[in-house]
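Each chain, letter by letter, is given below.
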Amino acid sequence: MYGAGDVRIENVPDPKIIEPTDAVIRVSRACVCGSDLWPYQKMERSDRGRVMGHEAIGVVEDVGADVRMIKRGDFVIMPFAFSDGTCAFCHDGLQTSCLHGGFFGSTEVAGAQAEAVRIPLADGTLFPVRAHADDALMPSLLTLSDVMGTGHHAAVIARVTPGKSVAVVGDGAVGLCGVIAAKRLGAEQIIILGRHADRIALAKDFGATDVVSERGDAAVERVRELTRDEGVHSVLECVGLEQAMHTAISIARPGGAVGRVGVPQEQTIPGSEPAFYNNVMVGGGVAPVRAYIKELLPDILEGTIQPGRVFDRNVGLDGVPDGYRAMNDRESIKVMVTP
Ligand SMILES: [Zn+2]
C-alpha cells in the first residue's frame, strides 16, 4: 500500500531468515482485514509503501538455528502479532503486549498478503496444527489468526456466560465472529446491530436472535425495547468509531460490561457519564489471539463453529487491490487471498 486507495501487487525480495529465531512460511491463505481499511482510507502517501496483511495460515519453509518447536513442513496459524512466548506478558496470555513482539504488516515487519512471510520469534508466534485439516477447513482456520480470536476476546471481556443477554455492535467479520463467540459461550439473547442484509443473514445463521438496524438514539431505544428496558449484560464493540462506542455504553445494563475490539479512531472514549452512573465496565483492546487458538481450534476441527463463512470472496494476489475496494464499498464482508 502506497497511500489511501493505492494498493499494488509488486515483486519484492523473497523473505529469508535474518535472526536465528525466525521462520519463513509459504502462505496457504491470507486475507484483507477490516482494520486494513483504515489505512486504505487514510494512509499518507509513501514512496516505500507498506507490505500489508496480518492474517495467514501456511506451511513452514525454513527455520533459523535457534527454533525448537516449529519444524519445516509444519502447517501453522500465524497470529497477527508476533511474540516470544516467554516474557511476563506472554505468560499472562497477553502476547500482543510482548516485550519483544510487534505486528505483521506494520512498517517494521512485512505482511502476509504475499506468497511468503518472515516470522520473527517463530517458536512463540506460530501455532502448529498437527491434526489433519482438509481444504474445506482452511477459511475457518484462517480466522484464528485474527477475526475469530478477536470476536472471542470481545465476548470474554464483556463477560459473556450462559444465559446472558448480549449485543454486538458492528456487522463486519469481527462482529459476526463475536456472534459465534457469544453463542458458543452460552448467551441466551444475541442482538446484532447492523444494517447490511447479507451480514445480518449470516449473523442469524451464527445465532443472533434479534436485529437492530437503527442507529444512534433509535438503536438504543430499540435495544431497550428488546430487553425489558434493562439493557444487555454484555456488549461487544466491533467498530471503533465514536458513535459505535457511545451506543455500546448506552445499551449496557447497569453493572454490565463492554468488550471493545474495534480499532479506535478517536483519542478519547465517549459515554463517560452513562458508563459512570450505570457502573458499566469498559474494557478490551487489541486481542491476544495467540492465547485463544488452543481453545477455539477443536471447535473448528470438529465443525462446531464455522467462522470461515465470513469470507464471501476468494482472490489470487492479483485480485487483492480490488478486494480492498470491494470490502471498502461493503460489497464484500471479508476477502480471502489464495496466493
Ligand atoms: Zn513475550
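Residues numbered from 1 in each chain as written. Predicted model: local features only at pLDDT ≥ 70, side-chain atom pairs only at ≥ 80, totals over all residues. Heavy atoms only, no water.

Peer 1: Provide a residue-level description of the side chain of Asp-22, including the pertinent values.
Peer 2: Tracing the chain through its elements places Asp-22 in the segment before strand E1 (23-31). Among the polar contacts listed, one links the side chain of Asp-22 to the backbone nitrogen of Ile-18, at a separation of 2.9 Å. Engagement of the side chain of Asp-22 in a polar contact is seen with the backbone nitrogen of Glu-19, the distance being 2.8 Å. (Helix = DSSP H or I, 4+ residues; strand = E, 2+ residues; numbered from the N terminus. Polar contact = N/O pair within 3.5 Å; in protein donor to acceptor, adjacent residues only side chain to side chain.)

Peer 1: Describe the coordination of the zinc ion, with residues and values.
Peer 2: Donor atoms from the polypeptide that coordinate the zinc ion comprise Asp-84 (OD), Cys-87 (SG), Cys-90 (SG) and Cys-98 (SG), at 2.1 to 2.3 Å from the metal. Each of the four donor atoms around the zinc ion contributes to a set of angles spanning 92 to 122°, which defines the coordination as tetrahedral. Classification of Cys-87 as buried rests on a relative accessible area of 6%. (Donors = N, O, S within 2.8 Å, 3.2 Å for Na, K, Ca; no water. Tetrahedral: all angles 85-135°; square planar, octahedral: opposite > 155°, others 65-115°. Buried < 20%, exposed > 50% of the residue type's maximum accessible area, 1.4 Å probe, protein only.)

Peer 1: Would you mind going over the pattern of salt bridges in detail, with residue names and values included?
Peer 2: Following the criterion strictly, the structure yields 21 salt bridges and no others. Close ionic contact of Asp-22 with Arg-118 constitutes a salt bridge, the shortest N to O distance being 2.6 Å. Of this pair, Asp-22 sits in the segment before E1 while Arg-118 is found in strand E6 (residues 116-119), placing the two residues 96 residues apart along the sequence. Close ionic contact of Asp-299 with Arg-184 constitutes a salt bridge, the shortest N to O distance being 2.8 Å. Of this pair, Asp-299 sits in helix H11 (residues 289-302) while Arg-184 sits in helix H6 (residues 173-184), and the two are 115 residues apart along the sequence. Judged by its relative accessible area of 16%, Asp-299 falls in the buried class. (Salt bridge = Lys/Arg side-chain N within 4 Å of Asp/Glu carboxyl O.)

Peer 1: Can you break down helix H9 (residues 242-251) residue by residue, with the values?
Peer 2: Of all the 10 residues making up H9, seven are buried; the element is thus mostly covered by neighbouring parts of the structure. Regarding H9, the residues found buried are Ala-244, Met-245, Thr-247, Ala-248, Ile-249, Ser-250 and Ile-251.

Peer 1: Could you give an account of the side chain of Thr-96, with specific residues and numbers?
Peer 2: Inspection of the secondary structure puts Thr-96 in the loop between helix H2 (88-91) and strand E5 (102-103). Here Thr-96 falls in the buried class, since its relative accessible area comes to 15%. Leaving out residues up to four positions away in the same chain, Thr-96 has contacts with Phe-80, Ala-81, Phe-103, Val-286, Ala-287 and Pro-288. (Contact = heavy atoms within 4.5 Å.)

Peer 1: Can you lay out a nonpolar patch on the surface for me, pointing to particular residues and giving the numbers?
Peer 2: Side chains of Phe-89, Leu-94 and Leu-99 sit close together on the surface and give an oily, nonpolar patch of about 260 Å² of accessible area. Topologically, Phe-89 is positioned in helix H2. (Patch = residues over 30% accessible without salt bridge, like charges linked within 9 Å, V, L, I, M, F, W, Y side chains within 5 Å. Areas by Shrake-Rupley, 256 points an atom, 1.4 Å probe, with all protein chains shown as cover.)

Peer 1: Mind laying out the pairing of strand E2 (residues 56-63), listing which residues take part and the relevant values?
Peer 2: Strand direction decides the pairing type here: E1 and E2, joined by seven bridges, are antiparallel. Among the inter-strand pairings, Arg-29 is bridged to a residue of E2, identified as Ile-57. Across four bridges, E2 lies against strand E3 (residues 75-78) in antiparallel orientation. Paired with Val-59 across the bridge in E3 is Phe-75. (Pairing = 2+ DSSP bridges.)

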